[in-house]
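Descriptive analysis of the structure
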Amino acid sequence: MEIKKKQFNTVAVGGTFDELHKGHKMLLKKAFQVGEHVIVGLSSDEFVAKMNKPHKTASYNERLEALTCFLEKAGYKNRFQISPLHDSYGLTLNKDKNIDALIVSQETVKICEIINKKRVETALPPLSIIQISLVPAENKKPISTTLIHANEIDKNGKIVKKNVFPAKSAS
């Protein structure tokens with residue numbers, strides 16, 4: 001059986017990966033489809049605090065554990081490195097990492113343009129940008145941690161069933 005060579009040797013993908021959901025998993029799977037080795041940037045607690053998210057975010061260690069567990073169960077063991085993200089650039093400006101491409105969703109593609117501009121300014125080649133579409137939930141909105149925290153959808157994008165019967169009042 002012939003093993004097909006990946007399009008890129010090393011790719012990078014980054015995020016907070018809170019409430020690891022179907023959209024995150026699609027992003028990560030795409031990274032492993034096109035990259036032999038994947039550097040996963042995971043937002044540090046300090047970086048998350050600067051983002052002013054509208055909900056509480058799990059700690060770095062909790063998110064790291066969930067991410068590692070998913071990647072290993074998905075069969076990507078020995079093909080990934082998880083690195084803390086302290087800013088939007090992560091290891092993309094590091095000359096020693098030899099990153100070939102970034103895997104992003106449409107909501108983060110703008111930062112890739114900034115990264116490539118900074119890379120060119122420091123004599124690094126621009127990175128290829130592989131953009132995936134946001135994954136829609138049943139309610140047609142993109143799956144997001146914010147909607148999960150709001151209890152509108154679950155991690156797979158399924159609408160969370162609300163109690164359709166009002167509570168009976170004691171009279």
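A short tour of the structure in this document, coming up.

Rules used in this analysis
- Residues numbered from 1 in each chain as written.
- Predicted model: local features only at pLDDT ≥ 70, side-chain atom pairs only at ≥ 80, totals over all residues.
- Heavy atoms only, no water.
- Core = buried A, V, L, I, M, F, W, Y, C linked by side-chain atoms within 4.5 Å.
- Buried < 20%, exposed > 50% of the residue type's maximum accessible area, 1.4 Å probe, protein only.
- Helix = DSSP H or I, 4+ residues; strand = E, 2+ residues; numbered from the N terminus.
- Contact = heavy atoms within 4.5 Å.
- Salt bridge = Lys/Arg side-chain N within 4 Å of Asp/Glu carboxyl O.
- Phe/Tyr/Trp six-rings, centres within 6.5 Å; stacked < 30°, edge-to-face > 60°.
- Pairing = 2+ DSSP bridges.
- Right-handed = clockwise from strand over helix to strand, strands pointing away.

In this section: the nonpolar core. Ranked by size, the top nonpolar core spans 24 residues in total, and within it Leu28, Val40, Leu67 and Leu71 carry the most contacts. Those elements that provide at least two residues to this core are strand S1 (8-15), helix H1 (22-34), strand S2 (35-43), helix H3 (60-73), strand S3 (80-85), strand S4 (101-105) and strand S5 (128-132). It is H1 that provides the largest number of residues to this core, a total of 5 residues. Excluding residues within four positions of it along the chain, Val40 makes contact with Val13, Phe17, Leu28, Leu67, Leu71, Gln81, Ile82 and Ser83. Listed in part, the 9 residues of the second largest apolar core include Leu102, Val104, Cys112 and Ile115.

What follows is about the pattern of salt bridges. Tallied over the entire structure, the rule returns 4 salt bridges. Glu19 is the partner of Lys155 in a salt bridge, and the nearest nitrogen-oxygen pair spans 3.5 Å. With Lys155 in the segment after helix H5 (145-149) and Glu19 in the loop between S1 and H1, this pair connects stretches of sequence that are 136 residues apart. By relative accessible area, which is 39% here, Lys155 ends up partly exposed.

Moving on, we get to the packing of aromatic side chains. How two aromatic rings sit relative to each other is given by the distance of their centres and the angle of their planes. For the coordinates displayed, the defined rule picks out 1 aromatic pair. With a centroid separation of 3.8 Å and 5 degrees between ring planes, the pair formed by Phe32 and Tyr76 is classed as stacked. Taken as a pair, Phe32 in helix H1 and Tyr76 in the loop between H3 and S3 lie far apart in primary sequence, 44 residues in all. By the burial criterion, Phe32 is buried, and Tyr76 matches it.

The next point concerns the pairing of S2. For a regular strand, the rule is simple: side chains alternate between the two faces of the sheet. Taken across its 9 residues, S2 has 7 buried, putting it largely inside the fold. Alignment of S1 against S2, held across 7 bridges, turns out to be parallel. Following the sheet pairing, Thr10 is matched in S2 by His37. The parallel pair S1 and S2 is bridged by H1, and the resulting crossover is right-handed. Sheet analysis places S2 next to S3, joined by 6 bridges and oriented parallel. Note on S3: the bridge partner recorded for Ser43 is Leu85.

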